[in-house]
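This is what each chain is made of:
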Amino acid sequence: MPTYYDMQEKICVVTGAARGLGRTISETLAQAGAERIYACDINMAPAESWISDYPNITAITLDVCDSAALDTLRQRIMDEQGRLDVLVNNAGITRDALLGKMTEAQWDQVIDVNLKGVFLMTQAMLPLIKAQAKGSIVSISSVVGTDGNIGQTNYAASKGGIIAMTKGWAKELVHGGAQIRANCIAPGFINTEMTQAVPEAVLQKMAARIPLGALGQPQDIADGVLFLASDRARYITGQVLKIDGGLVL
């Protein structure tokens, strides 16, 4: 019998992998025995301090909005592995502003990376997943995408769009008997580099809103990704897993 989170022989791609959630996701998949993880980020410099600890992780400098670069990555994985088992769409940015002050540039930047980037990456990697008619696509959404937030019109739209695309993929990618699953994770307030820049008083107010009484940790999200990526979630598709300490009930 395999271990609960057996990732042996799995070929994975993780975007936004250099730091934060992406780093923890990449490390967790590596520790779970994945054969190869292509850890992608537009700036891989932050990964220099940790990635050498994992011989099964390959660093890839990549812009998820660059279609030509995505084609190059797909061909590389095809040449080296012949398939892809797991795609984790994690790359994302914020450009927050109240609706009346949000610029068109702020809207475009977030929609391009967070939504178009997920579409382009998934479309580019799909032939590798279809090569074996089986695989798992896990995209990182947000509770902002399900319930909204002040000052995040662009972010909410992008994360809500990821959920809608995922549900469509869950229906579309099983044609012909394929076992290609697509799911989302919607994190709440997570203790990452982004939240660490928030004043302590604000963090305390954020934590007070969470029934479990604390911000989540990147490992909480990575564990959710690991489950959905593994064959133990073989009968789960089209779902949104909220990992938020009960913030949104």
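For the structure itself, consult the block above.
What comes next is a walk through the structure. (Residues numbered from 1 in each chain as written. Predicted model: local features only at pLDDT ≥ 70, side-chain atom pairs only at ≥ 80, totals over all residues. Heavy atoms only, no water.)

Focus on the packing of aromatic side chains
Definition in use: Here a pair means two rings of Phe, Tyr or Trp (six-membered ring of Trp) with centres within 6.5 Å. Their orientation is stacked below 30 degrees between planes, edge-to-face above 60, and tilted elsewhere. Per-residue accessibility, obtained with a 1.4 Å probe over protein chains only, is compared with the maximum for each type, and a residue is labelled buried under 20%, exposed over 50%, and partly exposed between these values.
Taken as a whole and assessed by the stated rule, the structure comprises one aromatic pair. Ring geometry for Trp 50 against Tyr 54: centres 6.3 Å apart, planes inclined by 70°, an arrangement best described as edge-to-face. We classify Trp 50 as buried; its relative accessible area is 1%.

What about the pattern of salt bridges?
Here is the rule: Just to be clear on terms, a salt bridge is a Lys or Arg side-chain nitrogen sitting within 4 Å of an Asp or Glu carboxyl oxygen. Helix and strand labels come from DSSP, where a helix needs a run of H or I of at least four residues and a strand needs a run of E of at least two; each type is numbered from the N terminus.
For the structure on display, the rule yields six salt bridges. Among the salt bridges present, the one from Lys 10 reaches Asp 231, with a minimum N-O distance of 3.0 Å. Of the two residues, Lys 10 sits in the segment before β1 (11-15) while Asp 231 sits in the loop between α8 (218-229) and β7 (240-243), which places them 221 residues apart along the sequence. Overall, the relative accessible area of 11% leaves Lys 10 in the buried class. Between Glu 80 and Arg 76 there is a salt bridge whose closest N-O contact spans 3.0 Å. Note that Glu 80 and Arg 76 are positioned in helix α2 (residues 67-80) at a spacing of four residues, about one turn of the helix. The exposure class of Glu 80 is partly exposed, given its relative accessible area of 42%. What makes Arg 76 partly exposed here is its relative accessible area of 33%.

Observations regarding the sheet that holds strand β2 (residues 36-41)
This is how the line gets drawn: We treat two strands as partners when DSSP finds at least two bridges between them. For every element, the axis is a line fit to its C-alpha atoms; helices are fit only across the contacting stretch, and the angle between N-to-C directions ranges from 0 to 180 degrees. Contacts are assigned to residue pairs that have any heavy atoms within 4.5 Å of one another.
Taken together, the seven strands give an open sheet; going across it, the order is β3-β2-β1-β4-β5-β6-β7, and neighbouring strands pair in parallel fashion. The sheet is open, and its two borders are formed by β3 (57-61) and β7, each paired with just one other strand. For this sheet, the mean angle separating the axes of adjacent strands, direction not counted, is 15°. With respect to the sheet, helix α3 (residues 104-130) is in contact with β1, β4 (86-89), β5 (134-140) and β6 (179-187), its orientation differing from that of β4 by roughly 175°. The sheet strands contacting helix α5 (residues 153-172) are β5, β6 and β7, and the helix crosses β6 at an angle near 160°.

With respect to empty space enclosed by the protein
For clarity, the threshold we go by: A cavity here means a set of 1 Å grid points, computed over protein atoms only, where a 1.4 Å probe fits but cannot escape. A pocket is an open set with protein on both sides within 12 Å along at least 5 of 7 lines, and lining residues have an atom within 4 Å of a point. Grid points are joined across faces, edges and corners, and a volume is the space filled by probe spheres set on the points.
Throughout the structure, instances matching the rule amount to one cavity of 30 Å³ or more. In this structure, the largest cavity encloses a volume near 40 Å³. In terms of lining residues, the largest cavity is bounded by Thr 15, Val 64, Asn 89, Ala 91, Val 113, Gly 117, Val 118 and Met 121. In terms of residue count, α3 provides more of the lining of the largest cavity than any other element does, four residues in total.

Side note on the environment of Leu 87
Among the secondary structure elements, Leu 87 is positioned in strand β4. Since its relative accessible area comes to 0%, Leu 87 is described here as buried. Not counting residues within four places of it along the chain, the set of residues in contact with Leu 87 comprises Val 13, Met 121, Thr 122, Met 125, Ile 129, Ser 136, Ile 137 and Val 138.

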